[in-house]
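Letter by letter, the chains look like this.
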Amino acid sequence: MDLNEVKTELINDQAAVQVADWFKAFSDPTRVKIISALLKRELCVHDLTVLLEMGQSAVSHQLRYLRNLRIVKRRKVGKTVYYSLDDTHIEEIFLQTLQHTNHG
């Protein structure tokens, strides 16, 4: 494959920004811990604050960030908001990344 063929198949700018933003979400240890917890089950903000030993506003801020990237979704029951992973792709990518880090 010559250079011109590679160039025509190169990821476009918009997609490159989206992928970079997505990986940026995984660059924060708190967000990684939130995703790890949500792999196990759906949790409310209070449960996450207890698990992570963090304040409610800090956890909510990270959840909002993850929600804006469609990594997590929320479900409201009365006044309680429950968070879960948005889809199975998140779980697969997270677990593959974890497996890769444990591999070497």
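Scroll up a little and you will see the structure.
Source: prediction; values computed, not measured.

Explain the overall build of the protein chain here, please?
Per the secondary structure count, the protein chain includes six helices and three strands. Across the protein chain, helices and strands are ordered from the amino to the carboxyl terminus as α-α-α-β-α-α-β-β-α. Overall, the C-alpha framework of the protein chain stretches about 55 × 30 × 20 Å when taken along its three principal axes. Counting every position in the protein chain, which comprises 104 residues, the buried fraction comes to 28%. Partitioning the contacts of the protein chain with sequence separation of at least 6, the portion at a separation of at least 24 is 49%. Entry remark: accessible area of the protein chain is about 7700 Å², with carbon and sulfur atoms responsible for 52%. For the protein chain, the distance from the average position of its 14 positive side-chain charges to the average position of its 13 negative side-chain charges is 13 Å.

So what exactly am I meant to see when it comes to the packing of helix α3 (residues 29-40) against helix α4 (residues 45-52) here?
Helix-helix packing is described using two parameters, namely the angle between the two axes and the distance between the axes. α4 packs onto α3 with a crossing angle of 120° between their chain directions and a minimal axis gap of 11 Å. Crossing geometry of α3 relative to α4 is assigned as right-handed. Residues Thr30, Lys33, Ile34 and Ala37 of α3 lie in contact with α4, whose contacting residues are Leu48, Leu51 and Leu52. Counted by class, the contact of α3 with α4 contains five nonpolar, one polar and one charged residues.

Can you walk me through the pattern of salt bridges in this structure?
Where side chains of opposite charge bring their charged atoms close, a pairing between them can arise. If you walk through the whole model with that rule in mind, you get three salt bridges. In this structure, lysine 24 and aspartate 21 form a salt bridge, with 3.4 Å as the shortest nitrogen-oxygen distance. On the criterion of helical spacing, the pair formed by lysine 24 and aspartate 21 is a turn pair, its members being three residues apart in helix α2 (residues 13-25).

Looking at this structure, how should I read the side chain of glutamine 62?
Mapped onto the secondary structure, glutamine 62 falls in helix α5 (residues 56-68). Contact partners of glutamine 62, with chain neighbours within four places excluded, come to Asp28, Thr30, Arg31 and Ile34.

I would appreciate a short explanation of the pairing of strand β2 (residues 72-77) in the present structure.
The pairing of β2 with strand β3 (residues 80-85) spans six bridges and is classified as antiparallel. From the neighbouring strand, valine 72 faces β3, where its bridge partner is leucine 85. The hairpin turn running from β2 into β3, its antiparallel successor, is two residues long, and glycine 78 in that turn takes a positive phi close to 65°.

Sorry if this is basic, but what is going on with α4 here?
Residues three or four positions apart in an α-helix share a direction because the helix packs 3.6 residues into each turn. Within α4, burial applies to Val45, Leu48, Thr49 and Leu52. Take α4 and look down its axis: the buried residues cluster within an arc of 100°, on one side only. Residues of α4 that are exposed and point over 90 degrees away from its buried face: His46, Val50 and Leu51. Buried-residue contacts for α4 involve α3, β1 (43-44), α5 and β3. Following α4 by one or two positions, glutamate 53 has its phi on the positive side, about 55°.

Rules of the game
Residues numbered from 1 in each chain as written. Predicted model: local features only at pLDDT ≥ 70, side-chain atom pairs only at ≥ 80, totals over all residues. Heavy atoms only, no water. Helix = DSSP H or I, 4+ residues; strand = E, 2+ residues; numbered from the N terminus. Buried < 20%, exposed > 50% of the residue type's maximum accessible area, 1.4 Å probe, protein only. Contact = heavy atoms within 4.5 Å. Areas by Shrake-Rupley, 256 points an atom, 1.4 Å probe, with all protein chains shown as cover. Lys, Arg positive; Asp, Glu negative; His and termini not counted. Charge placed at Lys NZ, Arg CZ, Asp CG, Glu CD. Axes fitted to C-alpha atoms, helices over the stretch in contact; angles between N-to-C directions. Left-handed = near helix turned anticlockwise from the far one by under 90°. Nonpolar A, V, L, I, M, F, W, Y, C, P; charged D, E, K, R; others polar. Salt bridge = Lys/Arg side-chain N within 4 Å of Asp/Glu carboxyl O. Pairing = 2+ DSSP bridges. Arc of directions from axis to C-beta.

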